Protein chains: 4
Amino acid sequence: MNKVKAGMIGTGFSATSQLEQLRRLNHVEVVAIAASSKEKALEKANQFGIRKAYGDYNELINDPEVEVIHNCTPNHLHFPINKAVLLAGKHLLSEKPLAMNSDESAELNELAKKSSGVSGVCFNYRHYPLVAQAREAVAGGEYGKPNLVYGGYVQDWLLYDTDYNWRLNPEHNGASRAIADIGSHWCDTVQHVLGKKIVEVFADLKTVHPVRRKPKDHLTTFSTSKEAERVDVKITTEDYGSVLVHFEDGVHGVFTVSQVSAGRKNRLYFEIAAEKATLAWDQEEPNRLWIGQRDEPNRELVRDASLLSPQAAKLVHYPGGHQEGWPDGLKNLFLDFYGAVMRRKTGTEQETVSSFATFDDGHRIMRLIDAILESHRAKKWIQIY
Amino acid sequence: MNKVKAGMIGTGFSATSQLEQLRRLNHVEVVAIAASSKEKALEKANQFGIRKAYGDYNELINDPEVEVIHNCTPNHLHFPINKAVLLAGKHLLSEKPLAMNSDESAELNELAKKSSGVSGVCFNYRHYPLVAQAREAVAGGEYGKPNLVYGGYVQDWLLYDTDYNWRLNPEHNGASRAIADIGSHWCDTVQHVLGKKIVEVFADLKTVHPVRRKPKDHLTTFSTSKEAERVDVKITTEDYGSVLVHFEDGVHGVFTVSQVSAGRKNRLYFEIAAEKATLAWDQEEPNRLWIGQRDEPNRELVRDASLLSPQAAKLVHYPGGHQEGWPDGLKNLFLDFYGAVMRRKTGTEQETVSSFATFDDGHRIMRLIDAILESHRAKKWIQIY
Amino acid sequence: MNKVKAGMIGTGFSATSQLEQLRRLNHVEVVAIAASSKEKALEKANQFGIRKAYGDYNELINDPEVEVIHNCTPNHLHFPINKAVLLAGKHLLSEKPLAMNSDESAELNELAKKSSGVSGVCFNYRHYPLVAQAREAVAGGEYGKPNLVYGGYVQDWLLYDTDYNWRLNPEHNGASRAIADIGSHWCDTVQHVLGKKIVEVFADLKTVHPVRRKPKDHLTTFSTSKEAERVDVKITTEDYGSVLVHFEDGVHGVFTVSQVSAGRKNRLYFEIAAEKATLAWDQEEPNRLWIGQRDEPNRELVRDASLLSPQAAKLVHYPGGHQEGWPDGLKNLFLDFYGAVMRRKTGTEQETVSSFATFDDGHRIMRLIDAILESHRAKKWIQIY
Amino acid sequence: MNKVKAGMIGTGFSATSQLEQLRRLNHVEVVAIAASSKEKALEKANQFGIRKAYGDYNELINDPEVEVIHNCTPNHLHFPINKAVLLAGKHLLSEKPLAMNSDESAELNELAKKSSGVSGVCFNYRHYPLVAQAREAVAGGEYGKPNLVYGGYVQDWLLYDTDYNWRLNPEHNGASRAIADIGSHWCDTVQHVLGKKIVEVFADLKTVHPVRRKPKDHLTTFSTSKEAERVDVKITTEDYGSVLVHFEDGVHGVFTVSQVSAGRKNRLYFEIAAEKATLAWDQEEPNRLWIGQRDEPNRELVRDASLLSPQAAKLVHYPGGHQEGWPDGLKNLFLDFYGAVMRRKTGTEQETVSSFATFDDGHRIMRLIDAILESHRAKKWIQIY
């Protein structure tokens, strides 16, 4: 079998997760990894059995063996790397957000349209079987027209004012935090399920800890030592936001994001109220879709291939009750993306529809984030035309 | 035992529920009932073994035996009846909303302050044991300062455009429906738990069915015959609303109301993210309070007197696992309200604190509803000073 | 309205609960109460507004005004009181168990058959709407023939060896405890739902605390003072039991009872695996019936009259989402029992079917308990012919 | 990095699942696969990029490059293959059951003790983080002595009499089905958590479909065509069983297995009632451990490394809320087993304790199955000495 050759840029949580899940694909081989230093790259290369290690991402991009590039760097590097890859005409899967702002993402989107490579964004929650099922049910009109959608994405990893991480620094993460990091996932997932875009927003944001006490020493993400000497850092990005949203075609809704909700680890949930049924899904119980009805008992649809629609069933790899989770969703994203790469390589792409987020989707999310920030500042509804 | 003598005005769902729960109190006797006709009043009087039946509510108000009056009429009658009762100096428990608008409720609130009677509003969700527990935990600072609150109140009883009821007529129900009918409950419950008032709102409302097909014949609330001849009725009140809220002291939040969410029967839920814990409660699973934590396992606190604080434990009448529900919450409201009546009668009221909503609370809720409607119209944040 | 006149014997938890729920019936009046002393009877009579108080239960039985008698005494008094009531020809609702052993219950059952009064046993879990729904679904063959049933009834109120109560004394409670007190409820409920009798049992019982440390002083049920002086008491009745059961018609199953399962307050649950569906119900979430299916999504049937069968819907008194619980189940039992009493009085009883447990049912449960004890001793399957 | 070289025997669900999960390990390479024909082996080899394909398992066993062998064949081949591998002195991970009966497993166990290779059995449910956590909590005495354990393992994949599969043929699967296939998992998991062996059993088994209608044509496991011509096949193995169990040290319990419980996909659950807490875990919600308490709120412990004990935390590979499932548990088993292999190779094995099931464990489970079958036949308690 002729494997597609991939290269990874980055060595953090996202890179590591992706490397592990890429292994589960039959037709992909990661042949190179790049990091901010050759040493860091070598260390991960050894760990994952990757043949080549680069201390400069340009070397990886220019390596002729590398066909597909995974951009798993911190946010402020997304733009330059994505641009370089697109200009090199290679296939590109970028971590979200595409860039630091929508001017940059607009540029990338234009480049992507002209590129001979396939390009996608890691909005992984689309790739759960029951999310796909919800999308198909909506598209097929099984439950009538959607009217409302409400939900959120709440976490607790930044609960205390002593929690610190590079994501709190707007120079590395961008002007928005909770909205950009997790709200973007909610918006992408829900837009995907509805098959409709958000066209108008009104936002209320809040920085619960306007000052955080950052440890003086260099910090890895998960250092929690409480005795560390600390220094006050002013925080300008939001810990919380609630956003009223209007979709194309008159769907109204709202979502809430929070990184300071104790006990909530990664709770992305949505509830879509359609004419004949309500669909509710919670990422922390991903193997179950609740379907509320008025004239019949509610339904609990579980991740069992025999119960799902054909497209959704393809995302199921283990029997009912053999629960799949977050890593499996990521694997599904790769199966989808690399399927498109294979079809592009073999010129058969017209035959199938992909589910992954395109650079067009990713750029639209960037404009959505901009609109949310602007709405909060201006206290006005803002259109995303 | 010398029982307090009560009179009921109304014969609908609210009146019937209240009559049944009042029977569970040792020290209360309903001695009279009034309806829009003597016949209707007599029928209910016979059913519930009530001695006197009136076809005019003024007769009941003027009956010297009647000490406490329950106003369970449709919304447009709340104001004139409440006013008459207050002017008569009797104790008054009014269904919510207090009136059709905040001008009327302001007048009632002034009268209530001068009245020698105790007056209260039926915001019954305060009176669940685990709601009381949440309030005490917040007040005691056990979980630190609350930062955020989000939730909603969703139902499905008006899902179809063939659903019709007097509440859809603004002349009987007021200018707001979903917000006034169920949103008001959410606001009252959460304000009560937080011990803080909402001071600013931004609202987005939607009438999902701008036209409903009302049966031509006279309709009882629950008639669902589909074959009936129908006539189109324009609907001006909202089926849905999401409202961004700011509380005193910087708590931010949002709530969603819907009467068109299939499968959701009466789901009032809230989640309060405080400094050290998140408290989540769902009226459809009222015997459980979820307490999220970051550094320890989350907690599931169940309605068991031995586990609750002293005030909350008083609202528990059956052992743990012997679940109590909506009727029991209503009973607790009456125990609370009649306790205040007894203390007023015996001049001992300084000793105890009541939990029921006062006319001041009810008036503030009316102003909140006005502000929400105004915000939606003006697309602006509106203060409730 | 001509009310049926009832008398209560007993003043404990069962008596108090029943007095409160009886008040919710339109057509019943409790006119007398008897206790072990006139003082105790008077106290409860005052509390509940009951006209007559007796220090001797025979006086109450012989009071010509009393038509229906509620026997809410400790177990060892069930037999003599039930016998006296039956001989007096009055209507009788007895707490379970009917007597201390099946010889006694056989005698009562014979008397009941000859009595002109209606007689019933307080197996209250039959009277939840979703239990009734499950029974109707099974009887109607909607889900095919039941094949299996498994479940249990677990609590934690006797978790510690310092927990003590009259129920631990076999002279007052009988030779079985966990099986008789809670296992009997499971058996009655499941037999009722299946419409089939248990005909064979194999049991394994265990006394987790063979010695308990009883406080020296007189104890009320819920005294938990840990500093009390204590005396060792040998315990002969079981804290735990698991029983394999065979029903008529080949249904196999098993149930577990425990009074030492920390965190479980009153968890009676069962799961019936039938040909086409599995029905699961948990008394601690009584407003929901889970219906498992293989070829379709599972169903969550909630307590909403519009979704239930006609008989089950009659047990629903509040709208969907307005949860009803344990007190409401007890009220339903009384509505059912007093319905039969009214029909007996008016000679119309042939028209309707009651749901409450008869003395025949109660006697069979006594024989089942005997068989379970014998099976455990003999380590053999025991038939209940 | 010097990878350990593995060989796979088998191409079914078990083999495929294992091949996929093995890829996630850094230090393992599957170099060969054997099947019943060279063609089948080649097909899977191509799919998974395996270098060598054999049509005879002996060739694979004798391949000097192969160090570790995974035996994923149907049950009746477990014994001869396991024996051959052990005699070859290679490392061996066998699917459960070890053999067709305990005579065979006894022989294997003796061989395993003398073998220079590491040998293990695929009881994968030990390897979930919250199962490991429960084991550590029990071992550490955190919740006091366990007293009781109850639970089961229920599925619906053989619900209809038209369901057919090789597992229904005792010549391929052995004399027991539901007990051997899924009951063995329950027993292994619970024995592992308790750190105690089952020493006595009493069983009640049932074949719900004594005749099944097998399609005439050759069948793959999941063919469900209903129109197929069918032939009646007599079924001798059980669809259901409930087994009373006594553990060392006086723990009593019971478990239920069923393959005919509609809607239950793979529900392995247990509840351990210990002196101070009850631990409940359900394989279908594997990221949560419920810890019941009497004097404090119950606890919900979620799979978050920061909340778990050090050993359990090692089984967590993704952050809290990023749910892991069945594939991840299998990966953990391999990490554990290959860790032991590496230590054996490097002579460092005294330093660490493994968690995987040994051949001693596997043999004991075989004896347990024998005892359960004998108990059912003889209607007696049977000891496993």
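Quick caveat, the model's predicted, so the values are computed rather than measured.

Let us now look at the overall build of chain A. Broken down by element type, chain A carries 11 helices and 17 strands. Against the compact-globule benchmark of 21 Å for 385 residues, chain A has a radius of gyration of 21 Å, which places it among compact chains. Expressed as a percentage of the 385 residues in chain A, the buried residues total 66%. The long-range fraction of contacts in chain A, counting pairs at least 24 apart against all pairs at least 6 apart in sequence, stands at 69%. Of the accessible surface of chain A, which amounts to about 13,500 Å², a share of 50% is contributed by carbon and sulfur atoms. Each charge class in chain A can be summarised by its mean position, and for the 47 positive and 50 negative side chains these summaries are 1 Å apart.

The next subject is the state of the cysteines. Here is the idea: a disulfide is a covalent bond, and it sits between the sulfur atoms of two cysteines. All names here are of chain C. All chains considered together, the criterion is met by 0 disulfides over all chains. Of all cysteine sulfurs in the structure, the one in C122 sits closest to C72, which takes part in no disulfide; the separation is 6.1 Å. Overall, C72 belongs to the buried group, its relative accessible area being 7%.

With an axial shift of 0.0 Å and an RMSD of 0.0 Å, the rotation relating chain B to chain D amounts to 180°. The superposition operator between the copies reduces to a two-fold rotation axis. Closest approach to the rotation axis among the C-alpha atoms of chain B is made by R299 of chain B, whose C-alpha sits 2.3 Å away. Both copies contact each other with a shared surface, as 100% of the interface residues of chain B are interface residues in chain D too.

All right, on to the pattern of salt bridges then. Counting across every chain of the model gives 116 salt bridges over all chains. Across the pair D163 of chain B and R294 of chain A runs a salt bridge, and its minimum N-O distance is 2.8 Å. Here D163 of chain B, found in the loop between β7 (146–154) and α7 (170–173), pairs with R294 of chain A, found in the loop between β15 (288–292) and β16 (298–302), and the two come from separate chains. Salt-bridge contacts for D161 of chain B lead to R213 of chain B; the nearest nitrogen and oxygen are separated by 3.5 Å. Here D161 of chain B is found in the loop between β7 and α7, whereas its partner R213 of chain B is found in strand β9 (residues 211–215), with 52 residues between them in sequence. Each member of the salt-bridge network shares a partner with another, and the members are E285, R288 and E300 of chain A together with E285, R288 and E300 of chain D.

Glancing now at the interface of chain B and chain D. Residue-level contacts link 12 residues of chain B with 12 residues of chain D. At the boundary of chain B with chain D, total buried surface from both sides reaches about 900 Å², with 54% on carbon and sulfur atoms. Taken together, chain B and chain D are joined by 0 salt bridges. Tallying contributions element by element places strand β16 (residues 298–302) of chain B first for the side of chain B that touches chain D, with 5 residues. Its residues assigned to classes, the side of chain B that touches chain D comprises 5 nonpolar, 2 polar and 5 charged. Pairing of β16 of chain B with strand β16 (residues 298–302) of chain D, which is carried by 3 bridges, proceeds in the antiparallel orientation. In the strand pairing of β16 of chain D, R299 of chain B is matched with R299 of chain D.

Residue and element names in this part refer to chain A. Per the domain assignment, the segments making up chain A are domain 1 (4–121) and domain 2 (129–324). Measuring from the centre of the C-alpha atoms in domain 1 to the corresponding centre in domain 2 gives 25 Å. If you look at the interface, domain 1 gives 6 residues, while domain 2 gives 12 residues. Here domain 1 packs against domain 2, burying approximately 650 Å² in sum over the two surfaces, 52% of which is carbon and sulfur. Sorting the residues of domain 1 by area buried against domain 2 places N75, K96 and M100 first, and these three jointly supply 64% of that buried surface. One can count 0 salt bridges joining domain 1 with domain 2. At the surface where domain 1 touches domain 2, the tally comes to 3 residue pairs in polar contact (both at pLDDT 80 or more). Split by residue class, the side of domain 1 that touches domain 2 holds 2 nonpolar, 2 polar and 2 charged.

Once that is clear, we can look at the pairing of strand β8 (residues 198–206) of chain A. Look at any regular strand and the pattern is simple: side chains alternate between the two faces of the sheet. Residue and element names in this part refer to chain A. For β8, a buried count of 8 out of 9 residues is recorded, marking the element as mostly surrounded by other parts of the structure. Sheet topology note: the β8/strand β11 (residues 240–247) ladder contains 8 bridges and is antiparallel. Among the inter-strand pairings, K206 is bridged to a residue of β11, identified as Y240. Inspection of the sheet shows β8 paired to strand β17 (residues 382–383) by 2 bridges, in the antiparallel sense. Bridging across to β17, V201 finds its partner in I382.

Residue and element names in this part refer to chain A. Taking strand neighbours across the sheet as the criterion, the 6 strands line up as β3-β2-β1-β4-β5-β6 in an open arrangement whose pairing is parallel. Two strands bound the open sheet, and with one partner strand each, they are β3 (52–54) and β6 (119–121). Going across the sheet, the axis of each strand differs from the next one's by a mean of 20°, ignoring polarity. Relative to β3, strand β2 (residues 28–34) runs parallel, the two being bridged by 3 bridges. Paired with A32 across the bridge in β3 is K52. Taken strand by strand, helix α4 (residues 78–87) contacts β1 (4–9), β4 (68–71), β5 (91–94) and β6, and its axis lies near 165° from that of β5.

The subject of this paragraph is the relation of the copies chain A and chain B. For these two chains of identical sequence, chain A goes onto chain B by a turn of 180° and a shift of 0.0 Å along the axis, with RMSD 0.0 Å. Most of the interface of chain A is mirrored in chain B, where 100% of its interface residues are also at the interface.

Right, let's get into the sheet that holds strand β6 (residues 119–121) of chain D. All names here are of chain D. The strand order β3-β2-β1-β4-β5-β6 describes an open sheet built from 6 strands, whose pairing is parallel. Here the strands that pair on one side only, and so sit at the sheet edges, are β3 (52–54) and β6. Neighbour-to-neighbour, the strand axes of the sheet open up by a mean angle of 20°, direction not taken into account. Running at roughly 165° to strand β5 (residues 91–94), helix α10 (residues 326–346) makes contact with β1 (4–9), β2 (28–34), β4 (68–71), β5 and β6 of the sheet.

Quick look at the interface of chain A and chain B now. Taken together, the contact pairs 51 residues of chain A with 51 residues of chain B. When the two sides are added together, the surface that chain A and chain B hide from each other amounts to roughly 3,900 Å², 52% of it contributed by carbon and sulfur. Here chain A and chain B share 4 salt bridges between them. At the boundary of chain A and chain B, one finds 25 residue pairs in polar contact (both at pLDDT 80 or more). Elements that contribute at least two residues to the side of chain A that touches chain B include exactly β7 (146–154), β8, β11, β12 (252–258), β13 (267–274), β14 (278–282) and β15 of chain A.

Before going further, it helps to spend a moment on the side chain of D181 of chain D. All names here are of chain D. Summarising the element assignment, D181 is placed in helix α8 (residues 178–194). On the accessibility criterion, D181 (6% relative accessible area) is buried. Apart from the residues lying within four places of it in its own chain, the contact partners of D181 are N75, K96, R167, N173 and Q259.

Right, let's get into the packing of helix α4 (residues 78–87) of chain C against helix α5 (residues 102–114) of chain C. Relative orientation and spacing of two packed helices are given, respectively, by the angle between their axes and the distance between those axes. Residues and elements named next belong to chain C. The geometry of α4 relative to α5 is characterised by a closest axis approach of 9 Å and an angle of 15° between their N-to-C directions. As summarised for this structure, α4 and α5 are arranged roughly parallel, according to the angle between their axes. Our pair here, α4 against α5, has a crossing hand that is left-handed. Of the residues in α5, those in contact with F79, N82, K83, L86 and L87 of α4 are E104, E107, L108, L111 and A112. A breakdown of the residues in the contact of α4 with α5 according to their chemical character gives 6 nonpolar, 1 polar and 3 charged.

Let us look at the pairing of strand β2 (residues 28–34) of chain B. All names here are of chain B. Counted residue by residue, β2 has 6 buried out of 7 residues, so it is predominantly covered. With 6 bridges joining them, strand β1 (residues 4–9) and β2 adopt parallel strand pairing. Residue pairing in the sheet places K5 in a bridge with E29 of β2. With helix α1 (residues 13–22) bridging β1 and the parallel β2, this β-α-β connection has right-handed handedness. Taken together, β2, helix α2 (residues 38–48) and strand β3 (residues 52–54) constitute a β-α-β crossover, and its handedness is right-handed.

The rules behind the values
- Residues numbered from 1 in each chain as written.
- Chains lettered and ligands numbered in written order.
- Predicted model: local features only at pLDDT ≥ 70, side-chain atom pairs only at ≥ 80, totals over all residues.
- Heavy atoms only, no water.
- Helix = DSSP H or I, 4+ residues; strand = E, 2+ residues; numbered from the N terminus.
- Rg over C-alpha atoms; globule rule 2.2 N^0.38 Å.
- Buried < 20%, exposed > 50% of the residue type's maximum accessible area, 1.4 Å probe, protein only.
- Contact = heavy atoms within 4.5 Å.
- Areas by Shrake-Rupley, 256 points an atom, 1.4 Å probe, with all protein chains shown as cover.
- Lys, Arg positive; Asp, Glu negative; His and termini not counted.
- Charge placed at Lys NZ, Arg CZ, Asp CG, Glu CD.
- Disulfide = S-S within 2.5 Å.
- Least-squares fit on C-alpha atoms with pLDDT ≥ 70 in both.
- Salt bridge = Lys/Arg side-chain N within 4 Å of Asp/Glu carboxyl O.
- Buried area = accessible area lost by both parts, 1.4 Å probe.
- Nonpolar A, V, L, I, M, F, W, Y, C, P; charged D, E, K, R; others polar.
- Pairing = 2+ DSSP bridges.
- Domains from an automatic or database assignment.
- Polar contact = N/O pair within 3.5 Å; in protein donor to acceptor, adjacent residues only side chain to side chain.
- Axes fitted to C-alpha atoms, helices over the stretch in contact; angles between N-to-C directions.
- Parallel < 35°, antiparallel > 145°, perpendicular 65-115°, else oblique.
- Left-handed = near helix turned anticlockwise from the far one by under 90°.
- Right-handed = clockwise from strand over helix to strand, strands pointing away.

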